[in-house]
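Coordinate analysis (summary)
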Amino acid sequence: MTDAAHTLKNAVAARREERGLTQLALAEECGVRRETIVNLERGRYNPSLRLALKICAALGSKAEELFWLE
């Protein structure tokens, strides 16, 4: 299977909701616009490593808990 065949999936929305955070609150904590979080949660945007790690820290999660390839 080639790299192009892998799709990045995430559990950001579920973990964010568990934490009681809005998309806006998460975005502000990570230094991005709310639209970035919306698009990431919908699978329309792949975050940079820096942003992925900021999201992990904000949600108290490990990277492998929030992001994976399918």
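Residues numbered from 1 in each chain as written. Predicted model: local features only at pLDDT ≥ 70, side-chain atom pairs only at ≥ 80, totals over all residues. Heavy atoms only, no water.

1. Digging into the pattern of salt bridges
Counted under the stated rule, the structure contains five salt bridges. Between Arg15 and Glu18 there is a salt bridge; the shortest N-O distance is 3.3 Å. Pair noted here: Arg15 and Glu18 are both in helix α1 (residues 12–18), with a separation of three residues, about one helical turn. Judged by relative accessible area, Glu18 falls into the exposed class, the value being 60%. (Salt bridge = Lys/Arg side-chain N within 4 Å of Asp/Glu carboxyl O. Helix = DSSP H or I, 4+ residues; strand = E, 2+ residues; numbered from the N terminus. Buried < 20%, exposed > 50% of the residue type's maximum accessible area, 1.4 Å probe, protein only.)

2. Side note on the nonpolar core
Core analysis: the largest hydrophobic core is formed by 14 residues, its most contacted members being Val12, Leu26, Cys30, Ile55, Leu59, Leu66 and Phe67. Elements supplying a minimum of two residues to this core: α2 (23–30), α3 (34–41) and α4 (49–59). Ranked by the residues each element gives to this core, the list is headed by α4, at six residues. Other than its neighbours up to four places away in sequence, Leu26 contacts Val12, Arg16, Ile37, Ala58 and Leu59. (Core = buried A, V, L, I, M, F, W, Y, C linked by side-chain atoms within 4.5 Å. Contact = heavy atoms within 4.5 Å.)

3. Overview of α2
Each α-helix turn comprises 3.6 residues. Residues three or four places apart therefore point the same way. Three or more residues of α2 are buried, namely Leu26, Ala27 and Cys30. Down the axis, α2 shows its buried residues gathered within 100° of arc, on one side only. In α2, the exposed residues that point more than 90 degrees away from the buried face are Glu28 and Glu29. For α2, the secondary structure elements touched by its buried residues are α1, α3 and α4. Just beyond α2, the residue with positive phi is Gly31, at close to 75°. (Arc of directions from axis to C-beta.)

4. Things to note about the UniProt feature "domain: HTH cro/C1-type" (unreviewed entry) in the chain
Mapped onto the present numbering, the UniProt feature "domain: HTH cro/C1-type" (unreviewed entry) falls at residues 12–66. Secondary structure across residues 12–66 comprises 69% helix and 0% strand; the distance between its end C-alpha atoms is 6 Å. (UniProt positions renumbered as here; feature names shortened; annotations may be inferred.)

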